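# Geometric and topological summary
Here's the letter readout for the chains.
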Amino acid sequence: MNSKKQKLKKQVKEHMPKDWLSDIRIIYRITMEAVNDIKRTGIMNLVIITTMAAILSIFGALFRTTISMSQFAHELGSVLEISVYLKQDAPAKKVADKFAKINHVTGVRLIPRDVSWKDLRKDIDLPNISNPLPDTLHVKVDTPLSINDVLTEIKQDRYVEDTGYAEEFAKRLQLITHVVNTTTLLVTLIVAILTITIINNTIQLVIQSRKEEIEIMRLMGVSNWYIRIPLVLQGAFYGFAGATVALIPLQIVQNALLTVHKFFLIPAPALAENMVILTLLSVGVVFGAGGSLLSIKKHLQV
């Protein structure tokens, strides 16, 4: 029966002439209703926006720091090399070309045994003996996380005599990357929970203050979305306003990180600031609107 009613409503709507002026009036009324709800909240608006700004500031600062830490790990990881020592009968050039095709390998540099022996004799006074050194390949890997996979594949080659790399350094880079990523994920979850809780409590108060008005609107046959949207807009406003205020401490963090990048001569990640600002505003609006929707479903049966 309900499906037939919905189908009939759809058919009626399709044949009704569209009144764009009426649609504009509805949008205006919904927007003004959201503005009035914000005015009714009074001084609590300042408390809510300040709290949201503090939460989002922590998120923004950590997110921006994470981007810089990833850049540091990438730059340091790019200098990580696996030294591969080949057997005496190995076709060094062919092996180097083969290793260059391995996933996550960004470059392979061949050091012929004659060159290594010549350089060694410049540094150390050695007797006139035959060259005992092997041909050496320096294999660059894209990230520290990929080094073990690449090393495993290299060791399986029959021309490889031995390998070596800065294992402790690679492990520390892996640990730093893992800790930073995990911390960012946890903070994002905490921000989501806190934001939704704050918005939920605020919208609950608004619903209670407008309870009679909402009941009258229901009796008049007002659409459920006409009642919901102003509350969702109010939550989105709090998220946007809090994120906008959070941009002030974020700029301080940004300047400090740029100084660190300059000190260590590591280039700052491109467009990092714009990415963080866009993310911060999006998170504020989405979590604010989401908190409102959850509150409406919990406290308002529409």
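So, a few notes on the structure that sits alongside this text.

Turning next to the sheet that holds strand 2 (residues 105-111). One open sheet accounts for 4 strands, arranged 2-3-1-4; its pairing is antiparallel. Strand pairing shows two members of the sheet lacking a second neighbour, strand 2 and strand 4 (160-164), which therefore form its edges. Mean inter-strand twist for the sheet, computed between neighbouring axes without regard to direction, equals 20°. Relative to strand 3 (residues 136-141), strand 1 (residues 81-86) is paired through 5 bridges, and the arrangement is antiparallel. Within strand 3, the position partnered with glutamate 81 by the bridge is lysine 140. The strands touched by helix 6 (residues 147-155) within the sheet are strand 1, strand 2, strand 3 and strand 4, with strand 1 carrying the most contacts at an inclination of about 5°.

A separate point is the pattern of salt bridges. As enumerated under the stated definition, the model contains 3 salt bridges in all. Residue glutamate 81 is joined to arginine 109 by a salt bridge in which the shortest nitrogen-to-oxygen separation is 4.0 Å. Of this pair, glutamate 81 sits in strand 1 while arginine 109 sits in strand 2, and the two are 28 residues apart along the sequence. For glutamate 81, a relative accessible area of 23% translates into the label partly exposed.

Note that alanine 53 resides in helix 3 (residues 44-78). Assessed through its relative accessible area of 5%, alanine 53 is described here as buried. In this structure the C-alpha to C-alpha distance between alanine 53 and leucine 247, which are 194 residues apart in sequence, comes to 8.6 Å. Ignoring any residue separated from it by four or fewer positions in sequence, one finds alanine 53 in contact with Gly242, Val245 and Ala246.

On to a nonpolar patch on the surface, then. A surface patch of nonpolar side chains, about 400 Å² in accessible area, is lined by Ile43, Met44, Leu46 and Val47. When you line up the elements, methionine 44 lands in helix 3.

Analysis parameters
Residues numbered from 1 in each chain as written. Predicted model: local features only at pLDDT ≥ 70, side-chain atom pairs only at ≥ 80, totals over all residues. Heavy atoms only, no water. Pairing = 2+ DSSP bridges. Helix = DSSP H or I, 4+ residues; strand = E, 2+ residues; numbered from the N terminus. Axes fitted to C-alpha atoms, helices over the stretch in contact; angles between N-to-C directions. Contact = heavy atoms within 4.5 Å. Salt bridge = Lys/Arg side-chain N within 4 Å of Asp/Glu carboxyl O. Buried < 20%, exposed > 50% of the residue type's maximum accessible area, 1.4 Å probe, protein only. Patch = residues over 30% accessible without salt bridge, like charges linked within 9 Å, V, L, I, M, F, W, Y side chains within 5 Å. Areas by Shrake-Rupley, 256 points an atom, 1.4 Å probe, with all protein chains shown as cover.

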